[in-house]
Amino acid sequence: MSVAYMTHPLIKHKITLLRKQTTGTNEFRKLIEEIAMLMGYEALADLPTADIEVTTPIEKTVQPVINGKKLAVVPILRAGLGMVNGILALVPSAKVGHIGLYRDPETHLPHEYYCKLPEAIDERQIVVVDPMLATGGSAVAAVDFIKARGGRKIKFMSVIAAPEGVSTLMKAHPDIQLYVGCLDRCLNENAYICPGLGDAGDRIFGTM
Ligand code: PRP
Ligand code: URA
């Protein structure tokens, strides 16, 4: 598996603002969406293209357009939903699947409650989005579900990751490409990322 850590100063700046305890729900949502778009720009740099003929006001020319079956964006519910519009801003025709998972507060293990993916998933470039990669349990389970339904070309985007999560996902799914906004120090005793940003789902949706 390849892991790409984001180096763009705009991504770093926005992740710093996201972390602040004083960042409210509205700003948090905007930042998550913007970061997803900036990360998506990097993650989609290898989308296939095909040449088509277009006529400019001057002459006919052959130029590239994005080719192949439409992209599938797959947020892990809930927090991944906050990243979807950032990717759709880049690729408006992408299909959107959903995987519902929540971490048990005691065991920290993921539990599935929903999975619906676009048709012909085996032919699509899939981008799984979830702001937090902590133990890696949710990410591994989500990729397991996608593969069990035929998905093959999988990229995974997380805004903040713990070393434990990266290592677990790498071991379980060495064939996927992982994009990480920022690699944090460690997990605490409740399996929260340190320094992290707290509970991403609660901060996006204003719940507690
Ligand atoms: C968060 C986060 C990831 C998961 C990461 O979701 O959005 O899905 O935890 O933790 P892990 O790597 O240890 O599995 P959570 O389960 O809190 O659900 P929510 O998005 O509905 O708040
Ligand atoms: N889920 C979150 O939302 N935040 C963490 O730090 C870990 C898991």
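The residue numbers shown here count from 1 along each chain, following its written sequence. Chains carry letters and ligands carry numbers; both start at the beginning, A for chains and 1 for ligands, and go up in the order they are written. Since the coordinates come from a predicted model, pLDDT governs what is reported: local features require at least 70, and pairs of side-chain atoms require 80 or more to be given and counted, while whole-chain, interface and lining totals use all residues. For the side-chain quantities, the full set of heavy atoms in the structure was used; hydrogens and water were omitted.

> Got a sec to walk through a nonpolar patch on the surface? Specific residues and values, please.
A surface patch of nonpolar side chains, amounting to about 300 Å² of accessible area, comprises Met37, Tyr41 and Leu90. A run of H or I in DSSP counts as a helix once it spans at least four residues, and a run of E counts as a strand once it spans at least two, with each numbered from the N terminus. Within the secondary structure layout, Leu90 lies in helix H3 (residues 81-90). In this scheme, a residue with accessible area under 20% of its type's maximum is buried, one over 50% is exposed, and one in between is partly exposed, where area comes from a 1.4 Å probe on protein chains only. Overall, the relative accessible area of 31% leaves Leu90 in the partly exposed class. Like charges are joined within 9 Å and nonpolar side chains (Val, Leu, Ile, Met, Phe, Trp, Tyr) within 5 Å, but only among residues with over 30% relative accessible area and no salt bridge; these make up the patches. Residue-level accessible areas treat just the shown protein chains as cover; the underlying method is Shrake-Rupley with a 1.4 Å probe. When a carboxyl oxygen of Asp or Glu lies within 4 Å of a side-chain nitrogen of Lys or Arg, that pair is called a salt bridge.

> Would you mind going over the layout of surface pockets in detail, with residue names and values included?
Grid spacing is 1 Å over the protein atoms alone, the probe is 1.4 Å, and a cavity is where that probe fits but cannot get out, while a pocket is an open set with protein on both sides within 12 Å along at least five of seven lines and lining residues have an atom within 4 Å of a point. Grid points are joined across faces, edges and corners, and a volume is the space filled by probe spheres set on the points. Considering only enclosed or pocket space, the largest pocket measures out at about 660 Å³ in volume. Lining the largest pocket we find 30 residues, and of these Tyr102, Arg103, Ser138, Tyr192 and Asp199 sit closest to its centre. Looking at the lining of the largest pocket, the elements that each hand over two or more residues are strand S4 (72-77), strand S6 (98-103), strand S9 (132-133), helix H4 (137-148) and helix H6 (200-205). In this model, the second largest pocket occupies a volume close to 220 Å³.

> Pulling in residues and values, what's your account of the site of ligand 1?
Distances are taken per atom, and a residue is near a molecule or strand as soon as one of its heavy atoms is within 4 Å of it. In the vicinity of ligand 1, 15 residues are found, and the nearest of them are Arg103, Asp130, Thr135, Gly136 and Ser138. The contact in question runs from an oxygen atom of ligand 1 to an N or O atom on the side chain of Arg78, over 2.9 Å. Between Asp130 and ligand 1, the recorded distance is 2.4 Å, taken from a side-chain N or O atom to an oxygen atom. Coverage of ligand 1 by the protein amounts to 91% of the 500 Å² it exposes when considered alone. Counted as a polar contact is a pair of N or O atoms within 3.5 Å, where, for protein atoms, one must be capable of donating a hydrogen and the other of accepting one, and residues adjacent in sequence contribute only when both atoms are in side chains.

> Residue-level account of the environment of Leu88, with values.
Inspection of the secondary structure assignment puts Leu88 in helix H3. Using a relative accessible area of 22% as the deciding quantity, one classes Leu88 as partly exposed. By the convention used here, residues are in contact when the closest approach between their heavy atoms is within 4.5 Å. Beyond its immediate stretch of four places on either side in the chain, Leu88 contacts Val73, Ala94 and Val96.

> Describe the pairing of S4, with residues and values.
The element S4 is largely enclosed, with a buried count of 6 among its 6 residues. Criterion used throughout: strands pair if DSSP finds at least two bridges between them. Across 2 bridges, S4 lies against strand S5 (residues 95-96) in parallel orientation. Within the sheet, the bridge partner assigned to Val73 lies in S5 and is Val96. Look down the strands so they point away from you; if the path from the first strand over the helix to the second goes clockwise, the crossover is right-handed. Each parallel crossover has a hand, and the one from S4 via H3 to S5 is right-handed.

> Lay out the site of ligand 2 with the relevant residues and their values.
Looking at ligand 2, the residues that line it are Arg103, Met132, Ala134, Ala191, Tyr192, Ile193, Gly198, Asp199 and Ala200. Contact distances for ligand 2 include 2.8 Å between a nitrogen atom and a backbone N or O atom of Gly198. Contact between ligand 2 and Ala200: an oxygen atom at 2.8 Å from a main-chain N or O atom of the residue. For ligand 2, whose free accessible area comes to 240 Å², the fraction covered by protein is 88%. Residue polarity follows a fixed list, in which Ala, Val, Leu, Ile, Met, Phe, Trp, Tyr, Cys and Pro are nonpolar, Asp, Glu, Lys and Arg are charged, and the others, Gly among them, are polar. Grouping the amino acids of the shell around ligand 2 by side-chain chemistry returns 6 nonpolar, 1 polar and 2 charged.

> Lay out the nonpolar core with the relevant residues and their values.
What is meant by a nonpolar core is a set of buried Ala, Val, Leu, Ile, Met, Phe, Trp, Tyr and Cys residues, joined one to another through side-chain atoms within 4.5 Å. Counting residues in hydrophobic clusters, the biggest one holds 35 residues, and the most contacted among them are Leu18, Met39, Leu71, Val129, Met157 and Val159. Going through the elements one at a time, helix H1 (9-19), helix H2 (25-43), H3, strand S8 (125-129), strand S10 (153-161) and H6 are the ones with two or more residues in this core. It is H2 that provides the largest number of residues to this core, a total of 7 residues. Contacts of Val129, omitting those with residues within four sequence positions, involve Val73, Val74, Pro75, Ile76, Gly80, Met83, Val84, Ile87 and Met157. Grouped together as the second largest cluster of nonpolar side chains are 26 residues, Ala72, Ile99, Ile121 and Ile154 included.

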